Amino acid sequence: KSLENVHSECLLTFIITQVLDSNNLELHKTRCWALSLALLDGDLPLAKNLCSTIVKTQERLLEHVFPTHPILQSQRFTLAELEAACGNCQNAKRVLTKCMNGLLVTHGKDSQLYRKAELYLSSLQ
């Protein structure tokens, strides 16, 4: 599929949000799909906004069940990278710190992913 219509595809995501509940799985999958397209197209601000919405949805759905779920930590890491790429280093640090708190529980301090997050955080200082 051509990437030239990424913004039109995101309009589809907007329309779907008007019809579906914010916790709907199809809406979540559509947002993830739109995030992938925005990344492929190099539209980092759009990707950051979509990723932020995905993280907020995952936080809302997982907060009472499994707030340290590895999928959420992975998405937070992506969001931190996008925040930094868009020049929002303070937001990147905040999101990455939340990510690291979750990774500490799920992966441990000596895990490769936790160490990668730690190095990335120190590069943002």
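Our structure's up above, just so we're on the same page.
With that settled, consider the packing of aromatic side chains. One pass over the structure, following the stated rule, counts one aromatic pair. Pairing phenylalanine 77 with tyrosine 120 gives two aromatic rings, centres 6.0 Å apart and planes at 25 degrees, and the pair type is stacked. Separated by 43 residues along the polypeptide, phenylalanine 77 in helix α4 (residues 70–85) and tyrosine 120 in helix α6 (residues 112–124) bring together distant segments of the chain. For phenylalanine 77, a relative accessible area of 7% corresponds to the buried category.

For α4, which comprises 16 residues, the first-to-last C-alpha distance of 23 Å matches the rise-based estimate of 22 Å (1.5 Å per residue) to within 8%. Those residues of α4 lying buried are Leu72, Gln73, Gln75, Arg76, Phe77, Leu79, Ala80, Leu82, Glu83 and Ala84. Packing partners of the buried residues in α4 comprise α2 (25–41), α3 (44–62), α5 (89–106) and α6. Immediately beyond the C-terminal end of α4, within one or two residues, lies glycine 87, with a positive phi of roughly 85 degrees.

What follows concerns the nonpolar core. Core analysis: the largest hydrophobic core is formed by 26 residues, its most contacted members being Leu35, Leu50, Cys51, Leu96, Met100 and Ala117. For this core, the secondary structure elements donating two or more residues are α2, α3, α4, α5 and α6. For this core, the leading source of residues is α3, giving seven residues. What cysteine 51 contacts, discounting residues up to four positions off in sequence, is Leu35, Gln75, Thr78, Leu79 and Leu82.

On to the pattern of salt bridges. Tallied over the entire structure, the rule returns three salt bridges. We note a salt bridge from arginine 76 to glutamate 59, for which the minimum N-O separation is 2.9 Å. Linking arginine 76 in helix α4 with glutamate 59 in helix α3, this pair joins segments that are 17 residues apart in sequence. Taking the shortest distance from any N to any O, the salt bridge between glutamate 59 and lysine 98 comes out at 3.9 Å. Highlighted residues: glutamate 59 in helix α3 and lysine 98 in helix α5, separated in sequence by 39 residues. Owing to a relative accessible area of 37%, lysine 98 belongs among the partly exposed residues under this scheme. Each of Glu59, Arg76 and Lys98 takes part in a single network of salt bridges with overlapping partners.

Conventions we followed
Residues numbered from 1 in each chain as written. Predicted model: local features only at pLDDT ≥ 70, side-chain atom pairs only at ≥ 80, totals over all residues. Heavy atoms only, no water. Phe/Tyr/Trp six-rings, centres within 6.5 Å; stacked < 30°, edge-to-face > 60°. Helix = DSSP H or I, 4+ residues; strand = E, 2+ residues; numbered from the N terminus. Buried < 20%, exposed > 50% of the residue type's maximum accessible area, 1.4 Å probe, protein only. Expected span 1.5 Å × (residues − 1). Contact = heavy atoms within 4.5 Å. Core = buried A, V, L, I, M, F, W, Y, C linked by side-chain atoms within 4.5 Å. Salt bridge = Lys/Arg side-chain N within 4 Å of Asp/Glu carboxyl O.

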